[in-house]
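So you can see what is in the structure, the chains are spelled out below.
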Amino acid sequence: MEHVKLIRDSSVHYAPSKEAIWRKPDDWLNNARSASKLCVDVSQEFWSACYPKKDFPAYLGKLDYEKHLGFKS
């Protein structure tokens, strides 16, 4: 989670002393996949903590990573 935050902060509020954001496109793609997977995992945990007896919500693609994002990783 900390790595995602560092890259996010650097890309939004750039400064030379922050996390390096000059990366190859494939590196950005891998980081984006990793961050989005982490977000879905956290969302599942959050949902389960709030609604332990309910299925994941249909309006969020059942919080299924591949289905919700529309691609196979």
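Look up: the structure comes first, before these words.
The structure presented is a predicted model; accordingly, all values stated were derived computationally and were not measured. What you see as residue numbers is a count from 1 along each chain, following the sequence as written. For a predicted model such as this one, the threshold for reporting local features is a pLDDT of at least 70, and the threshold for listing and counting side-chain atom pairs is 80 or more; totals across whole chains, interfaces and linings nevertheless cover every residue. Each side-chain value is derived from all of the structure's non-hydrogen atoms; neither hydrogens nor water enter the calculation.

Undergrad: In this structure, what is going on with the overall build of the chain? I would like to understand it.
TA: Numbered from the N terminus, helices here are DSSP runs of H or I no shorter than four residues, and strands are runs of E no shorter than two. Secondary structure assignment for the chain yields three helices and zero strands. The secondary structure elements of the chain, listed N-terminal to C-terminal, are α-α-α. We compute the radius of gyration from the C-alpha atoms alone; for a globule the expected value is 2.2 Å times N to the 0.38, where N is the number of residues. Rg of the C-alpha trace for the chain: 15 Å, well past the compact-globule value of 11 Å for 73 residues, more than 25% over. Only protein chains enter the accessibility calculation, which uses a 1.4 Å probe; a residue whose area is less than 20% of its type maximum is buried, one above 50% is exposed, and one in between is partly exposed. Here the chain, with 73 residues, has 16% of them falling under the buried criterion. Partitioning the intrachain contacts of the chain with sequence separation of at least 6 by distance along the chain shows that 24% fall at a separation of at least 24. On the chain, roughly 5800 Å² of surface is accessible, and the fraction owed to carbon and sulfur atoms is 59%. Whether two residues touch is decided by their heavy atoms; if any such pair falls within 4.5 Å, the residues are in contact. Here, Shrake-Rupley sampling with a 1.4 Å probe gives the accessible areas, and only protein chains in the shown set may cover a residue.

Undergrad: Help me understand unusual backbone geometry, please; the structure alone is not making it clear to me.
TA: What you tend to see is this: most non-glycine residues have negative phi, and most peptide bonds are trans. The phi dihedral of Lys62 falls on the positive side, at around 60°, and the residue is not glycine. Relative to the assigned elements, Lys62 resides in the loop between helix H2 (25-50) and helix H3 (65-69).

Undergrad: Please explain the environment of Val40 as it appears in this structure.
TA: Counting through the fold element by element, Val40 comes out in helix H2. Residues Val40 and Leu63, spaced 23 residues apart in sequence, show a C-alpha to C-alpha distance of 6.3 Å. Leave out the neighbours within four places in its chain, and Val40 touches Leu63 and Tyr65.

Undergrad: Just checking my understanding: could you explain the packing of aromatic side chains for this structure?
TA: Each aromatic ring pair is summarised here by two numbers: the centre-to-centre distance and the angle between the ring planes. Two rings from Phe, Tyr or Trp (for Trp, the six-membered ring) form a pair when their centres are within 6.5 Å of each other. A pair whose planes differ by under 30 degrees is stacked, one over 60 is edge-to-face, and the rest are tilted. Taken as a whole and judged by the stated rule, the model has one aromatic pair. Here Trp47 and Tyr51 contribute two aromatic rings whose centre-to-centre distance is 4.4 Å and whose plane-to-plane angle is 45°, an arrangement assigned as tilted. Using a relative accessible area of 15% as the deciding quantity, one classes Trp47 as buried. Residue classification places Tyr51 among the partly exposed residues on the basis of a relative accessible area of 37%. One residue, Arg23, lies across the ring of Trp28, its end atom 5.9 Å from the ring centre. Over a ring means this: the NZ of a Lys or the CZ of an Arg is within 6 Å of the ring centre and within 35 degrees of the ring normal.

Undergrad: Quick question: what am I supposed to make of the state of the cysteines here?
TA: Note: disulfide means a covalent bond formed between the sulfur atoms of two cysteine side chains. Pairs of cysteine sulfur atoms within 2.5 Å are identified as disulfides in what follows. Tallying each qualifying case throughout the model produces zero disulfides. As a non-bridged cysteine, Cys39 has Cys50 as the owner of its nearest cysteine sulfur, 16 Å distant. Since its relative accessible area comes to 48%, Cys39 is described here as partly exposed. Residue classification places Cys50 among the partly exposed residues on the basis of a relative accessible area of 40%.

Any functional reading would require information that these geometric values do not contain.
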